[in-house]
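What follows is the residue order along each chain.
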Amino acid sequence: MGIYTLRRFVWAVPVVFGVSVLVFMMLHLVPGDPVKMMLSEFQTTQEQLDLLRSQLHLDESLPKQYARFVWGALHGDLGYSIRTKRPVSREITDNLLPTLELASLGLLVAAIMGIGLGILAALKPHSWVDASSSVFALLGISMPSFWLGLLMIFAFSLHLKLFPATGGGDLKHLVLPALTLGLTESAIIARLTRSSMLEVLRQEYIVVARSKGLRESAVLLRHALKNALIPVVTIFGLQFGRLLAGAVVVETVFGRPGIGRLIVEAIINKDFPLVQGIVLLVSCTYVLVNLIVDLAYGFLDPRIRYD
Amino acid sequence: MRKRVFTVLSMLVLVSLVLGACGPAATPTPAPAQPTTAPQPTTAPQPTTPPPTQPPAAPKRGGTLTIGINQNPPTLDPHASPSAITFYILSSTGESLLYLTPDRQLKPWLAESWEVSADAKVFTFRLRKDVTFQDGTPFNAQAVKWNFDRITSPDFHAGAAAGLVVGYDHTEVVDEYTVRIHFRNGYVPFLTNAASPVLSMISPVATEQQGAKVNETPVTTGPYRLTEFVANDHATMERWDGYNRQPPWADHVGPGYVDKIIWKVIPETGTRVATVESGECQVIADVPYSDLPRLQASKDITIQNAAWVGSPLQWLLNVTKPPTDDVRVRKALNFAINRQALADTIYRGTGRPPVGIVTAALLDVPLLSSYYPYDPDKARQLLAEAGWNRTGADGFLVNDQGKRLEIQINSIDYGTGPREIDQWVQAQLQAIGIAVTLKAQARPPWYEDNYACATNGPIMLYRFGDPDSLQALFHSKNVGGFANWSCVKDPELDRLIEQARVETDAQKRTQLYVELSKRVLENAYIVPLVDELSVWALRSEVTGLKFNGFTYPVAADVYFVR
């Protein structure tokens, strides 16, 4: 297990290297003069263009620029945002926490709703419970999160006045966004859990467990669910990315700060240092999440061995 | 199995009924625009002062005012920000040397009086002696010098401020309360600029100490003090009880009424409207026309408008690319647009037909309607004169060589497809036989095409407080830059722009801009489309929102009436 973990970490190195090259080249692959593009909304003089060029070190050779970029990144220095003048690292840390809060609470909602509904549906296939969970899944998959978010605001904020519609801050502000994000994601988990559970429940070891006289809850949770979760965990890993992407929309609808909105604004404003910083961070997060998912398989199913 | 399908279906129907029931309120469907119908004369929306719904009572102190705005300010440093949204916020806390009223009068503010030299190169300001910054630093000539030197320092990336001190040479400290600001060339617009919140004075001492924090909580001299800024979330300002003067907009001496003003960033329009209906915000900016009728009907909400200064929303016609290189075609486009219908069907109370090449709020001289009334027949006749005299098989106009009359609009796309207004213009022109295509694209390539004069021009607007900014749109040196996207090199326009810039007599200066407007309209370098209004919704328990001469809100005198 230890060796496997180590090997996975070593494998992550070339991936991160590739990502850093791509991110670095982004600025240079965009057609046109990046400096001119960054200042396209202003009247500028040649001196101002040259000043910004030298401040961004764009007048140096490519390898030298890349070395500078990597060296800075390793020290947590990702340069300065063109638009806000603040360090990119500061922009990211300020916006990372709200997104992590939202994504993890959203994932929790998705897991509870999705796995719960999936189990219920699998226990009584083709019953009304199963049918409602199918409808729920269909709606969840097809309903765009901005629409669901507006419905949430309409119902819980405007009419029932239970939760505020906007803002970061305490848990109260997080309820509606997390529900919105979680509900849309729970749908696919519910479907997957259902089919996976149905398959496992047909296995002989379930019959054995039942005939041993185990309580039904123990049969379901310890024997069936744990085995049924392997594909679900894979999806969780993939969904983490979807959550980050979905967070953009949810963050915008609910007026919350976050990485999603930060990168969208950075792209619209051609704030290249900020875009580079965020893409680097998000790519590294993906690498890390995939690693965690791989390691989780081993916990769920000891038959998967790492040697 | 059949039973199961039926269960699923019936549940779907049930759910869709529930959703459908609450649907319309959350997403109003825009009524289709009807570009060809003749306009009904409607009562033009007037710039409103807050209607006296309550009997005048002594303003109440206290409370927290929450204002919903649609964008995140990149920085709150007045000198660094390129973005109008920063000045929505700063207009309630920052103070400038002068003040510009909505009817374009300059008033004393931090300066008691001012003089302009005959060549418009030297501006002398006599400062008030009773002003301190919120950190206790005295406001004096040295502080003014420090502010202007900061903006123009090569190490400092000035935002919009850089465009307001063009040709700055140096500031001379005459005595403790007198400064002389010297420019290399005559620069009359500096007086208006000195009243802009962009040139708010900030504390030299606090700014040197706070480093990058100046982007969050700059220290000013105004009635409210910025205390917190969380990007993409909110900015908070608290009443500064050390304020002991009467600002030019106020009816009383001393600081504002409410304890705290929170500016909340809510980019999603539907959400922003919901927050003023639920009371989470008491004021919101940028009310969309689609929600306007509902909010107007609500007894809890008051709507307040202010007409934007600057250029109207306009189509800059590229004079270097066929067929808009032909003045007859450009004139035809102007005759073919029904501006009243545009204001009525697309803007519905949030815009008015333009008067000329700048908005009525900036220069109220009606020119456009005499040059280009809505006259599709005249448009067709001009097109025929230009050679587009036959109708092709597909219904569009062709010339003798069989070439179709095609025009391409550079249309900015924020990710939701071409804008409704661009599509409206397209439909309006197709009705008289012009094949209009929209090159809908994201912001960076949109700019690239404008710089390269690659399309028949963009539909855009440009907001400014002094008509001198027309130089960006029409001076020949800005072809290939920001923002002469008509790509017009007209020595007469250059001459008028340069002359108006040094003309110290206000009436003569206005006359020069009228001449400039006529020259632009005669040659149909642009198609003015609509003057936009800044539309705000206030809950009826608050009153006192004002606007300055730059159409920015001043919330420092808002109070709760109950």
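As the structure is a prediction and not an experimental result, all values here were calculated from the model.

What follows concerns the packing of aromatic side chains. Residue and element names in this part refer to chain B. Applying the stated rule across the entire model yields 32 aromatic pairs over all chains. Their ring planes at 90° and their centres at 5.3 Å tell us that Tyr 99 and Trp 109 sit as a pair that is edge-to-face. Residue Tyr 99 is found in strand β2 (residues 98–100), and its partner Trp 109 is found in the loop between β3 (106–108) and β4 (111–116); the two are separated by 10 residues along the sequence. Grouping residues by exposure puts Tyr 99 and Trp 109 together as buried. Both rings, one in Phe 482 and one in Trp 485, keep their centres 5.7 Å apart while their planes meet at 85°; by these two values the pair is edge-to-face. Given a relative accessible area of 10%, Phe 482 falls into the buried group. Taken together, the aromatic side chains of Phe 123, Phe 125, Phe 148, Tyr 168, Phe 183, Tyr 187 and Phe 190 make up a single cluster linked through ring pairs. Above the face of the Trp 308 ring, Arg 463 is positioned so that its terminal group lies 4.0 Å from the ring centre.

Residues and elements named next belong to chain B. The strand order β4-β5-β7-β6 describes an open sheet built from 4 strands, whose pairing is antiparallel. In the strand order of this sheet, the two ends are held by β4 and β6 (168–175), each with one partner. Between one strand and the next, the sheet's axes are offset by a mean angle of 20°, whatever the strand orientation. As paired elements, β4 and strand β5 (residues 122–127) share 5 bridges and run antiparallel to each other. Bridging across to β5, Glu 115 finds its partner in Thr 124. Running at roughly 170° to β6, helix α3 (residues 141–152) makes contact with β5, β6 and β7 (178–183) of the sheet.

Take empty space enclosed by the protein next. If a probe as big as a water molecule is rolled over the atoms, it shows which places are left empty. On inspection of all chains with the given rule, the structure shows 3 cavities of 30 Å³ or more. Considering only enclosed or pocket space, the largest cavity measures out at about 140 Å³ in volume. Along the walls of the largest cavity sit 13 residues, with Thr 84, Leu 262, Glu 265 and Leu 274 of chain A together with Asn 72 of chain B positioned nearest its centre. The greatest single-element share of the lining of the largest cavity, amounting to 3 residues, is contributed by helix α11 (residues 259–268) of chain A. Residue classes in the lining of the largest cavity are distributed as 5 nonpolar, 4 polar and 4 charged. Of the pockets and cavities examined, the second largest cavity occupies roughly 60 Å³. In this structure, the second largest cavity is lined by Ser 91, Gly 94, Ser 96, Tyr 99, Leu 100, Trp 109, Ala 195, Ser 196, Pro 197, Trp 249, Asn 548 and Phe 550 of chain B. Looking at the lining of the second largest cavity residue by residue, the classes come out as 7 nonpolar, 5 polar and no charged.

This part covers the nonpolar core. Residue and element names in this part refer to chain B. Core analysis: the largest hydrophobic core is formed by 74 residues, its most contacted members being Leu 97, Phe 125, Leu 127, Phe 139, Phe 148 and Phe 190. Apart from residues no more than four positions distant in its own chain, Phe 125 is found in contact with Leu 97, Leu 98, Ala 111, Ser 113, Trp 114, Tyr 177, Thr 178, Val 179, Ile 181, Phe 190, Leu 191 and Ala 194. Residues Leu 368, Ile 412, Leu 516 and Leu 529 belong to the second largest nonpolar core, which totals 71 residues.

Another point: the packing of helix α1 (residues 2–29) of chain A against helix α12 (residues 272–300) of chain A. Residues and elements named next belong to chain A. Relative orientation of the contacting elements α1 and α12 amounts to 160°, with a least axis distance of 10 Å. Taken together, α1 and α12 sit at an angle that is classed as roughly antiparallel. As α1 packs across α12, the resulting crossing turns out to be right-handed. In the contact of α1 with α12, the residues fall into 18 nonpolar, 4 polar and 2 charged.

What counts, and at which threshold
Residues numbered from 1 in each chain as written. Chains lettered and ligands numbered in written order. Predicted model: local features only at pLDDT ≥ 70, side-chain atom pairs only at ≥ 80, totals over all residues. Heavy atoms only, no water. Phe/Tyr/Trp six-rings, centres within 6.5 Å; stacked < 30°, edge-to-face > 60°. Helix = DSSP H or I, 4+ residues; strand = E, 2+ residues; numbered from the N terminus. Buried < 20%, exposed > 50% of the residue type's maximum accessible area, 1.4 Å probe, protein only. Lys NZ or Arg CZ within 6 Å of the ring centre and 35° of its normal. Pairing = 2+ DSSP bridges. Axes fitted to C-alpha atoms, helices over the stretch in contact; angles between N-to-C directions. Contact = heavy atoms within 4.5 Å. 1 Å grid on protein atoms, 1.4 Å probe; cavity = no way out; pocket = protein on both sides within 12 Å on 5 of 7 lines; lining within 4 Å. Points joined across faces, edges and corners; volume = space filled by probe spheres on them. Nonpolar A, V, L, I, M, F, W, Y, C, P; charged D, E, K, R; others polar. Core = buried A, V, L, I, M, F, W, Y, C linked by side-chain atoms within 4.5 Å. Parallel < 35°, antiparallel > 145°, perpendicular 65-115°, else oblique. Left-handed = near helix turned anticlockwise from the far one by under 90°.

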